[in-house]
Structure formats: C-alpha cells, structure tokens
Amino acid sequence: MAILYTTKASATGGRAGRAVSENGVLDVTLTVPKELGGDGATGTNPEQLFAAGYSACFLGALKNVAGKEKVKIPEDAKVTATVGIGPRDDGTGFGIEVSLLVDIPGMDRAQAEDLVAKAHIVCPYSHAMRTSTEVPVKVA
C-alpha cells in the first residue's frame, strides 16, 4: 500500500492523562468515564476519539463514493458512530463494539443504502474493523 499521509499522536497518563498530536492541534485531557470507574471529570476518552475519527472518515468516504457517481451529499448529512467498550468473553482483555448511523436528509433510501454500502468498503476505518488489521507494536 502506498502511504499518502502519516501523522502521530502520543498519550501520557493512560486513560486519565493527555493526548497530543505531533502538530499540537489536537491536545486533549483524557478522563475515565464513571461507567469505567472514573470520577466523571471533564475530558474525553479513547472511545469518544475513535467515534469522532470513524464518523468523520466514513462521511468522507461517503462523499468520495457519491462524487464518483455524480451525486451530491447535502451539507447537513451526518454520521454518528457509537463505540462501546467491555470485557471480552474470553476474559483476556477488553473489546470494542462499533455501529454507524448515517443520516442523509432528502435522499431516497435505496440510493442512500447503496452509497453507504459502497462507503463501508472504501472507508479505511471500516476496512480495519472488518479485517482485524494487524498493528505492529514495539518498545522504544
């Protein structure tokens, strides 16, 4: 695969810490939700960040697919990603559950479903989730 863009972000403090992108534009305080034993302090968490990234990426893929078919996606189109976390059934760690809700106001349902199915193939987040993309991990 030819890589067209690469970026980095780093986290310190784990789920109760800070995450910063390499250019400093993303700089967020991380907090643990009450449901996971946290104090409910103001901040974000990895699941919210994943939901934001996936929803934005999927909408971009939808616009890409629609553009190739000469179809205009309205400006008020919205993709909502729902991300849940919980212990895996095998007891060895945690897993995530993800679903997408795509709202394309004014578009015929059949056309919307066709475009969404095609976007689900194009979107790299969808591809990674569907194929369990291997992630290399190494120690610095």
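For every chain, the first residue of the written sequence is number 1, and numbering continues from 1 along that sequence. Restriction of local features to residues with pLDDT of at least 70 applies here, the model being predicted, together with a cutoff of 80 or more for giving and counting side-chain atom pairs; totals for whole chains, interfaces and linings are based on all residues. Water and hydrogen atoms play no part in the side-chain values, which are based on all heavy atoms of the structure.

A look at the overall build of the protein
In this text, helices come from DSSP runs of H or I with a minimum length of four residues, and strands from runs of E with a minimum of two, each type numbered from the N-terminal end. When you go through the protein residue by residue, the secondary structure sums to 3 helices and 5 strands. Traced from its N-terminal end to its C-terminal end, the protein shows the element sequence β-β-β-α-β-β-α-α. In terms of principal-axis extent, the alpha carbons of the protein reach across some 45 × 35 × 35 Å. Contact definition: two residues touch when any of their heavy atoms are within 4.5 Å. Considering only intrachain contacts with a sequence separation of at least 6, the fraction spanning at least 24 residues in the protein is 42%. Total accessible area computed for the protein in this model is approximately 9,900 Å², and 57% of it derives from carbon and sulfur atoms. Two residue types count as positive, namely Lys and Arg, and two as negative, namely Asp and Glu; His and chain ends fall outside the count. Charge positions come from single atoms, namely NZ of Lys, CZ of Arg, CG of Asp or CD of Glu. In the protein, the 14 positive side-chain charges and the 16 negative ones have mean positions that sit 6 Å from each other. For accessible areas, the Shrake-Rupley method is used with a probe of radius 1.4 Å. Any residue's cover is judged against the shown protein chains and nothing else.

Focus on the packing of aromatic side chains
Working definition: rings of Phe, Tyr and Trp (its six-membered ring) pair if their centres are within 6.5 Å, and the pair is stacked with planes under 30 degrees apart, edge-to-face with planes over 60 apart, and tilted otherwise. Throughout the structure, instances matching the rule amount to 3 aromatic pairs. Relative to Y54, the ring of F50 has its centre 5.8 Å away and its plane inclined at 75 degrees; by these criteria the two rings are edge-to-face. One end of the pair is F50 and the other is Y54, both in helix 1 (residues 46–68) and 4 residues apart, which spans about a single turn. Under the scheme applied here, a residue whose accessible area is under 20% of the maximum for its type counts as buried, over 50% as exposed, and between as partly exposed, the area being computed with a 1.4 Å probe on protein chains only. Using a relative accessible area of 23% as the deciding quantity, one classes F50 as partly exposed.

Re the side chain of N45
As for its position among the elements, N45 is in the loop between strand 3 (27–29) and helix 1. Classification of N45 by relative accessible area gives buried; the value is 8%. Here a polar contact means two N or O atoms within 3.5 Å. Within protein one must be a hydrogen donor candidate and the other an acceptor candidate, and residues neighboring in sequence count only if both atoms are side-chain atoms. Separated by 3.0 Å, the side chain of N45 and the backbone nitrogen of E47 make a polar contact. Among all residues touching N45, those that are not within four sequence positions of it are L30, T31 and P33.

Some thoughts on the sheet that holds strand 2 (residues 18–21)
At least two bridges found by DSSP between two strands are what make those strands a pair. Read from one edge of the open sheet, 3 strands run 1-2-3, paired in antiparallel fashion. Edge positions in the sheet fall to strand 1 (9–12) and strand 3, since each of these pairs with one other strand and no more. For this sheet the average axis-to-axis angle between neighbouring strands, irrespective of direction, equals 15 degrees. Fitted lines through C-alpha atoms serve as axes, helices being fitted only where they are in contact, and the angles separating the N-to-C directions of these axes extend from 0 to 180 degrees.

What about the side chain of T44?
Tracing the sequence through the fold places T44 in the loop between strand 3 and helix 1. For T44, the side chain forms a polar contact with the side chain of Q48, separated by 2.6 Å.

A few points about the nonpolar core
Side chains that are nonpolar tend, in soluble globular proteins, to be buried together. Throughout this description, the term nonpolar core refers to a set of buried Ala, Val, Leu, Ile, Met, Phe, Trp, Tyr and Cys residues connected via side-chain atoms within 4.5 Å. In this structure, F58, L62, I73, I104, M107 and L115 are the most contacted members of the largest nonpolar core, which totals 20 residues. Those elements that place two or more of their residues in this core are helix 1, strand 4 (78–87) and helix 2 (109–122). The leading source of residues in this core is helix 1, at 8 residues. Filtering out sequence-adjacent residues up to four positions away, F58 remains in contact with V79, L100, V102, V116, A119, H120, C123 and S126.

The analysis is restricted to geometry; functional conclusions fall outside its scope.
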